[in-house]
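Structure assessment
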Amino acid sequence: MVTMVPITVGEYSFVGVEVKLPKTTLLTINSPKGYIMCGALDVGLLNTRLSERKIIAGRAVGVKTLQELLEAPLESVTTEAEALGIVAGMPGHEALLKMV
C-alpha cells in the first residue's frame, strides 16, 4: 500500500510518502528540490554512479514513521545537499527547509 500525505514545516508544504512492503516500510518526504528518506536510501550510489543527476537528498536511519523522519538526525547526505548547507546530524525538518 502507498500513502501520500501533506506535511507542513513552518510555512512550507511537502509531500510525505509511505510505501508498505513485506517486512519493511519505505519513507520519504519530498520538497521541490530534493528529499529526505529512510535508511533504504543509498547516498553513496547517488554521489558516485548517479552524480551527474545532482540529487539533493538526505538519509535517516532507524525511523519507522514520517514524523520520526522529520525529527531524526540525518545520518548521511549527498554532495549536492551539502552544497545547500545540509549536513549529517541535521534534523530532517531543517534539511527540508533548505530544499525549498
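Above this text is the structure in question.
Being a predicted model, the structure only gives us computed values, none of them experimental. (Residues numbered from 1 in each chain as written. Predicted model: local features only at pLDDT ≥ 70, side-chain atom pairs only at ≥ 80, totals over all residues. Heavy atoms only, no water.)

1. Section: the side chain of Thr78
Within the fold, Thr78 resides in the loop between β6 (76–77) and α3 (79–83). Among the residues examined, Thr78 registers a relative accessible area of 0% and is labelled buried. Ignoring anything within four residues of it in the chain, the contact list for Thr78 reads Val43, Leu46, Asn47, Ile55, Ile56 and Ala57. (Helix = DSSP H or I, 4+ residues; strand = E, 2+ residues; numbered from the N terminus. Buried < 20%, exposed > 50% of the residue type's maximum accessible area, 1.4 Å probe, protein only. Contact = heavy atoms within 4.5 Å.)

2. Some points on the nonpolar core
In this structure, Ile29, Ile36, Leu69 and Ile86 are the most contacted members of the largest nonpolar core, which totals 29 residues. Of all the secondary structure elements, the ones that give two or more residues to this core are β1 (2–9), β3 (24–30), β4 (34–37), α1 (43–47), β5 (56–59), α2 (66–71) and α4 (92–97). By residue number, the principal contributor to this core is α2, which donates 3 residues. Ignoring sequence-local partners within four residues, the contact set of Ile36 consists of Leu27, Thr28, Ile29, Gly58, Leu69, Leu74, Gly92, Ala95, Leu96 and Met99. (Core = buried A, V, L, I, M, F, W, Y, C linked by side-chain atoms within 4.5 Å.)

3. Observations concerning the pattern of salt bridges
Two side chains bearing opposite charge may form a pair once their charged atoms approach each other closely. In the structure shown here, the tally under the stated rule is 1 salt bridge. For Arg59, the salt bridge goes to Glu75, with nearest N and O atoms at 2.9 Å. With Arg59 in strand β5 and Glu75 in the loop between α2 and β6, this residue pair connects regions lying 16 residues apart in the sequence. (Salt bridge = Lys/Arg side-chain N within 4 Å of Asp/Glu carboxyl O.)

4. Some words on the sheet that holds β3
Taken in spatial order, the 6 strands of this open sheet run β1-β2-β3-β4-β5-β6, and their pairing is mixed. Each edge of the open sheet carries a strand with a single partner, namely β1 and β6. (Pairing = 2+ DSSP bridges.)

5. Some points on unusual backbone geometry
A positive phi angle, near 70°, is found at Lys23, a position not held by glycine. Tracing the chain through its elements places Lys23 in the loop between β2 (12–21) and β3. A residue is classified by how much of its surface remains accessible, and Lys23, at 89% relative accessible area, is exposed. The phi dihedral of Lys54 is positive, around 55°, even though this residue is not glycine. Its location among the elements puts Lys54 in the loop between α1 and β5. For Lys54, a relative accessible area of 54% translates into the label exposed.

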